[in-house]
Amino acid sequence: MSATPHQPTVTEREARQVAEAAREQGWQKPSFAKELFLGRFRLDLIHPHPLPAAEDTLRGEEFLAKLRDFCETKIDSARIEREARIPDETITGLKELGALGMKIDTKYGGLGLTQVYYNKALALVGSVNPALGALLSAHQSIGVPQPLKLFGTQEQRDTFLPRCARTDISAFLLTEPDVGSDPARLATTAVRDGDDYILDGVKLWTTNGVVADLLVVMARVPKSEDGKGGITAFVVEAASEGVTVENRNAFMGLRGLENGVTRFHRVRVPAANRIGPEGAGLKIALTTLNTGRLSLPAMCAGAGKWCLKIAREWTSVREQWGKPVALHEAVGSKISFIAATTFALEAVLDLSSQMADENRNDIRIEAALAKLYGSEMACLMADELVQIRGGRGFETAASLAARGERAVPAEQVLRDLRINRIFEGSTEIMHLLIAREAVDAHLSVAGDLIDPDKSLSEKAKAGANAGVFYARWLPKLVAGAGQLPRSYNEFHHDVDLSTHLRYVERNARKLARSTFYAMSRWQGRMETKQGFLGRIVDIGAELFAMSAACVRAELLRTQGDHGREAYQLADAFCRQSRIRVEELFGRLWTNTDDIDRKVVKGVLSGTYTWLEEGVLDPSGDGPWIADATPGASTRENVHRPIR
């Protein structure tokens, strides 16, 4: 599809360069997951399991108690689902509770919760209604507070953070009607005019945008004598003249989500509201997401807990053929999957969050893996719950209540969770993002060898550097602790988890060898092998989850807190995960990727249109992508600030 007149025409190479420039360059701190992809099982980076400070725990538990009481007595989830809107009084109550400022420092009026307790709060709220969890998460994880915390000036923090902590809802605006995961095509502009910038453009899927008071907006600044230009971040007052919320979008799930389309027409934004320098916007967005992504797996882990509760209660009272359905193996295996996976998701979440709080490790890969793995596995768990519930799982909670049965919203949870595989980086984009970080060490020493634009002398230099690196690295992939029968014996108690950690160590080396072989085989074409890269990442995600599950089980054992049961759940999860890992390794080299590409070409060329005959298309008329030409709005402003 050609670019519209106002939209930049961007080649594939240019798009990659924009994304690469926005990456965090280098690794100043260790990363367990990065080491894992390199074949080095650094258990010492996550074990013993890091723990929060006593004062952080006390403050977090006190707030969770208040939040739980509010959720139990003041939130009507059925009403939100029925009316497709969160009542104003509910949001006002959350403001009064301080929930808008969970992650904001106390000196700005926030609660100053750690990432661990922020996630616990999101899991709690999200279990009552995921749309509420999304509102709080979008406000604090990617909205105004987090970018200002990381990149804002002291004046900006003093100005905006007290508002965000108690009264003002914020939103994050990056996506446009024809710009998704390719920010190089960004069309919204911000042109310098004295002490202001003039903002023009249209933003799509603005979570919280309908009710927001403050916006983080990404816009393209033209290069000038005074500035380098590029994608830049701004804090924008939602009530500014020229800002119009043109539509409140509706979705298959998250019916209370305040997500819209926002148009900017000659909106004046003070230069003092620019976050960071010109051209730093995309880097700010990606860095913000490094920890911001942990909010989604928090709600996914919470959903798993709820699915387990309903599965346990339902299958113990529902009898078929003379016994509870839980005791039928076909159903029991689903319950085991939900229980074991919930344990692992919470393990991954808590480990990643505590590492984020301590700031000892670089967790960009861990957070991305938590988001990827959590969103995928939560959908599977919700789908299994619907299957366990049978027809009642497909029936709405309102319908169940109307005919006298317990109003269990299983189908709603399945619908609500589905967006998490798309939110804040789709599964496909997460695969590529993580794969890029996972092979960073290789590209740093051998990247010039496969870059067609590099000269022969540059390639020769890269070859020499690569030779030194691989001469040291490759021999270490041959043998390791995973082949010694007594390795990790501190995890051997009534249940033996040491065998799973040895498996992780062996297969981390196998994963690294597979990656090296693929780079040697495909070289510059490696980046086009998205199926292969996705499987590499999925293997890494499973190995990370296994490691986290074992470490969490050992932590609970040493604390005397359900240690025996935790070991059982970790063992079950690892055994299930190992089956998936073996399948993924097999599919690295035995797959349908080549034939799939041929079929896709045939579909796009119209070769198979005969297969589409015999049906009618109920879709309406209209363009596939709405016109986003800059200009004054012709639609009613549906902006609805909550006061």
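Here, the structure is the one placed above.
Cut-off values and rules
Residues numbered from 1 in each chain as written. Predicted model: local features only at pLDDT ≥ 70, side-chain atom pairs only at ≥ 80, totals over all residues. Heavy atoms only, no water. Helix = DSSP H or I, 4+ residues; strand = E, 2+ residues; numbered from the N terminus. Rg over C-alpha atoms; globule rule 2.2 N^0.38 Å. Buried < 20%, exposed > 50% of the residue type's maximum accessible area, 1.4 Å probe, protein only. Contact = heavy atoms within 4.5 Å. Areas by Shrake-Rupley, 256 points an atom, 1.4 Å probe, with all protein chains shown as cover. Lys, Arg positive; Asp, Glu negative; His and termini not counted. Charge placed at Lys NZ, Arg CZ, Asp CG, Glu CD. Pairing = 2+ DSSP bridges. Core = buried A, V, L, I, M, F, W, Y, C linked by side-chain atoms within 4.5 Å. Expected span 1.5 Å × (residues − 1). Patch = residues over 30% accessible without salt bridge, like charges linked within 9 Å, V, L, I, M, F, W, Y side chains within 5 Å. Salt bridge = Lys/Arg side-chain N within 4 Å of Asp/Glu carboxyl O. Axes fitted to C-alpha atoms, helices over the stretch in contact; angles between N-to-C directions. Parallel < 35°, antiparallel > 145°, perpendicular 65-115°, else oblique. Left-handed = near helix turned anticlockwise from the far one by under 90°. Nonpolar A, V, L, I, M, F, W, Y, C, P; charged D, E, K, R; others polar. Phe/Tyr/Trp six-rings, centres within 6.5 Å; stacked < 30°, edge-to-face > 60°. Lys NZ or Arg CZ within 6 Å of the ring centre and 35° of its normal.

> Would you explain the overall build of the protein chain in this entry?
When helices and strands are counted, the protein chain shows 23 helices and 10 strands. Its C-alpha atoms give the protein chain a radius of gyration of 25 Å, near enough to 26 Å, the size a compact globule of 643 residues would have. Along the first, second and third principal axes, the C-alpha set of the protein chain runs to 75 × 70 × 65 Å. Every one of the 643 residues in the protein chain was classed for burial, and the buried ones make up 54%. Residue pairs at least 24 apart in sequence account for 76% of intrachain contacts in the protein chain once pairs closer than 6 positions are excluded. Accessible surface for the protein chain amounts to roughly 29300 Å². Of this, 54% is attributable to carbon and sulfur atoms. Charge-centre separation for the protein chain: the mean point of 81 positive side chains lies 4 Å from the mean point of 83 negative side chains.

> I would appreciate a short explanation of the pairing of strand β2 (residues 189-193) in the present structure.
Strand residues, when the strand is regular, have side chains that alternate between the two faces of the sheet. Pairing geometry for β2 and strand β3 (residues 196-207), over 5 bridges, is antiparallel. Of the residues in β3, the one forming a bridge with Val-191 is Ile-198. The turn linking β2 back onto β3 is made up of 2 residues, and Gly-194 within it adopts a positive phi angle of 65°.

> Teacher, can you tell me more about the nonpolar core here?
Within soluble globular proteins, side chains that are nonpolar generally end up buried alongside one another. Met-102, Leu-369, Phe-491, Leu-543 and Phe-573 are the most contacted members of the largest nonpolar core, which totals 132 residues. For this core, the leading source of residues is helix α21 (residues 530-559), giving 16 residues. Counting residues in each nonpolar core, the second largest holds 25 residues, with Val-144, Cys-164, Ala-165 and Ala-280 among its members.

> I tried to follow helix α16 (residues 410-418) on my own but got confused; where do I start?
Since the α-helix advances by 3.6 residues per turn, residues separated by three or four positions end up pointing in the same direction. When you tally the buried positions in α16, you get 7 out of 9 residues, the bulk of the element. Taken together, the buried residues of α16 touch α4 (77-83), α7 (130-142), α11 (295-317), α13 (364-389) and α14 (391-394).

> Before we go on, may I ask you to explain unusual backbone geometry in this structure?
Backbone phi values are negative for most residues with the exception of glycine, while trans is the configuration of most peptide bonds. Between His-47 and Pro-48 the backbone carries a cis peptide bond, its omega angle lying at 0°. Among the structural elements, Pro-48 can be located in the loop between α2 (32-37) and α3 (54-74). Unlike most non-glycine residues, Ala-84 shows phi in positive territory, near 55°. Structurally, the position occupied by Ala-84 is in the loop between α4 and α5 (88-97). Relative accessible area serves as the criterion here: at 18%, Ala-84 is assigned to the buried category. For Arg-266, which is not glycine, the phi torsion reads 50° and is therefore positive.

> What should I look at first to understand helix α12 (residues 329-358) in this one?
With 30 residues, α12 ought to run about 44 Å at 1.5 Å a step, and its terminal C-alpha atoms sit 43 Å apart, in line with that. Of all 30 residues in α12, 22 are buried; the element is thus mostly enclosed. Just downstream of α12 lies Asn-359, where phi reads positive at about 60°.

> When you look at a nonpolar patch on the surface in this model, what are you seeing that I'm missing?
Taken together, the side chains of Ile-595, Val-599, Val-600, Val-603 and Leu-604 present a nonpolar region at the surface, about 460 Å² in accessible area. Summarising the element assignment, Val-603 is placed in helix α23 (residues 593-605).

> How should I be thinking about the packing of helix α20 (residues 498-522) against helix α22 (residues 563-589) in this particular structure?
The geometry of a pair of packed helices is captured by two quantities: the angle between their axes and the separation between those axes. Contact geometry for α20 and α22: axes closest at 12 Å, N-to-C directions at 15°. One way to sum up the angle between α20 and α22 is to call them roughly parallel. In this structure, α20 meets α22 at a crossing whose hand is left-handed. Of the residues in α22, those touching α20 at Thr-499, His-500, Tyr-503, Arg-506, Asn-507, Lys-510, Leu-511, Ser-514, Tyr-517, Ala-518, Arg-521 and Trp-522 are Asp-571, Cys-574, Arg-575, Arg-578, Val-581, Glu-582, Phe-585, Leu-588 and Trp-589. For the contact of α20 with α22, the per-class residue count stands at 10 nonpolar, 4 polar and 7 charged.

> So what exactly am I meant to see when it comes to the packing of aromatic side chains here?
Aromatic rings considered in pairs are described by the distance between their centres and by the relative angle of their planes. Within the structure shown, the criterion is met by 13 aromatic pairs. Measuring from ring centre to ring centre gives 5.1 Å for Tyr-517 and Trp-589, while their planes differ by 75°; the resulting arrangement is edge-to-face. Of this pair, Tyr-517 sits in helix α20 while Trp-589 sits in helix α22, placing them 72 residues apart in sequence. Judged by its relative accessible area of 36%, Trp-589 falls in the partly exposed class. The aromatic ring of Phe-585 is capped on one face by Lys-510, whose charged end is 4.3 Å from the ring centroid.

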